[in-house]
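Structural overview
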Amino acid sequence: MTGYLICICFESGVPIFARKIGDVSPISWPLAASLNGLKVFGKANRVELISSITESSRVVWKDFHDRLALIFAGTDDSITDFHVEHVLVNVFSVLVLSVGLDEIVRTKSVDKLKKEFRMCYPVIDLILQGLKPNDRTLYFGDLTGCADVALQMDPPNNQVNFQTVLDNLMESIGFNYGCLIANGILIGCTEDWWTLSGTEMCLITFTASLISDPVTDAAIFLPSSSPNLAYRFVTFKVVENVRLCVLCGQEPTLPTIEKEIAKLKKNFSEQLSLFQNRLTPFCRYSRFFNIGKSISGFLLVCLDRRRCTFSVFPERSNEQMNTGHKLDLLRTFYRNTVGSIFPWSCAAPPMFVSPPIHLHHGSKHVGPTVHKASEAYWTSEYHKCHAMTFAIFQLFVIYEPDIPMLLMRQTTRKLLQELVKEKVMR
């Protein structure tokens, strides 16, 4: 996919920023102004322009608080308006996270907004990268609206439970909101951290994973929970690719926290060093994945608890399906299934109506039946995909192309049962 994301001031039509997706030339401001003009013209004539589709492209408009207009214009690569709108909501949430809603709505100076929004570009680009993923797009939270978590299997004897390590650390410091992030994936969170929305947890994780400084102490706003009142956001680099993040008030001071972090580094630096390999968080306990050699990767989403986990298997690759292709395929399969067949997050599930059934002449017919879909299939020359929903879980699996359809369904069910039984998302 290639395209553009454009942010324009709603009142004046002045462009604020533009980001591109893929290898394309920067968009010209006259063209951006024309796209915004279509929206303004429609609104002046009492028409709400939401999206437009041509033979090869798609344009989606969305306004926020009568202050900012976000426009997506890109190739129509099997992505629906539903998911494009979710991307735009994520981008606006990034702006709120860094600047605050009051500042966005009340600031009269567009130049000031331009300057403040520049700090948001790295996170925005990370969200847009999800539309054109590669082998380093090791996250799904932007797509699912849930937090990316590592597989929480019982660790082998030579490893530690990082959730317990985090709980002990946070208790000693006196924090209620904290998490450990390894390569952009949560490996431990406090109970209060799970009270944040899925989008908030995802965007905070994105923000922390892009920080290079050993220690940061900044103010952030929570787009859903606290868009106008800032929290103190403190991050510490524990080892390479691993960060401790906390949300707190003015107390305690940084030196106080650093004393406890020093103990963490001293006691667990060797165990945490395994995350220096970027593939570790989602391929960590490979001993578990012997149940189906035909499985190339999977994504598990817990709708109720707003978390997701995934794994792809680089060793099970062929010329057509490397790691980047598998991640792209999982995302594409999810986008084409969720919203049209399966429910997204906690939204109402799509409903399907079967036509009336006439049993035989003269008998009463059975009326239309309303039902929910519980499975979805995809097949191609190079892969097969199967999705299954059970209670609060959704499982999306990529298979090798030679697996029979009946065996694929059986294997998916077995994998789902094992993942739920092992409580991989505690």
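Residues numbered from 1 in each chain as written. Predicted model: local features only at pLDDT ≥ 70, side-chain atom pairs only at ≥ 80, totals over all residues. Heavy atoms only, no water.

In this model, helix 7 (residues 162-173) (twelve residues) spans 16 Å end to end at C-alpha, consistent with the 16 Å of a helix rising 1.5 Å per residue. Those residues of helix 7 that fall on the buried side of the exposure criterion are Phe162, Val165, Leu166, Leu169, Met170 and Ile173. Burial along helix 7 is one-sided: seen end-on, the buried residues are contained in an arc of 125°. Residues of helix 7 that are buried make contact with strand 7 (177-182), strand 8 (185-189), strand 11 (242-248) and helix 9 (254-272). Positive backbone phi, at 95°, marks Gly174, one or two positions downstream of helix 7. (Helix = DSSP H or I, 4+ residues; strand = E, 2+ residues; numbered from the N terminus. Expected span 1.5 Å × (residues − 1). Buried < 20%, exposed > 50% of the residue type's maximum accessible area, 1.4 Å probe, protein only. Arc of directions from axis to C-beta. Contact = heavy atoms within 4.5 Å.)

What follows concerns the packing of helix 7 against helix 9. The N-to-C vectors of helix 7 and helix 9 enclose an angle of 165°; their axes lie 10 Å apart at closest approach. As judged from the angle between their axes, helix 7 and helix 9 are roughly antiparallel. In this structure, the crossing between helix 7 and helix 9 has a hand that is right-handed. Between helix 7, through Phe162, Val165, Leu169, Ser172 and Ile173, and helix 9, the contact on the second element is made entirely by Ile257, Glu260, Ile261, Leu264, Phe268, Gln271 and Leu272. Residue composition of the contact of helix 7 with helix 9, grouped by class: nine nonpolar, two polar and one charged. (Axes fitted to C-alpha atoms, helices over the stretch in contact; angles between N-to-C directions. Parallel < 35°, antiparallel > 145°, perpendicular 65-115°, else oblique. Left-handed = near helix turned anticlockwise from the far one by under 90°. Nonpolar A, V, L, I, M, F, W, Y, C, P; charged D, E, K, R; others polar.)

With that out of the way, let us pick up the sheet that holds strand 9 (residues 215-222). Read across the sheet, five strands follow the order 8-7-11-10-9 without closing on themselves; strand pairing throughout is antiparallel. Every interior strand has two partners, whereas the edge strands, strand 8 and strand 9, have only one. Each neighbouring strand pair of the sheet contributes to a mean axis angle of 30°, computed without reference to strand direction. With four bridges connecting them, strand 7 and strand 8 associate as antiparallel partners. Looking at strand 8, one finds that Cys179 is bridged to Cys189. The strands that helix 2 (residues 81-99) touches are strand 9 and strand 10 (226-239); relative to strand 9, the one it contacts most, it runs at about 120°. (Pairing = 2+ DSSP bridges.)

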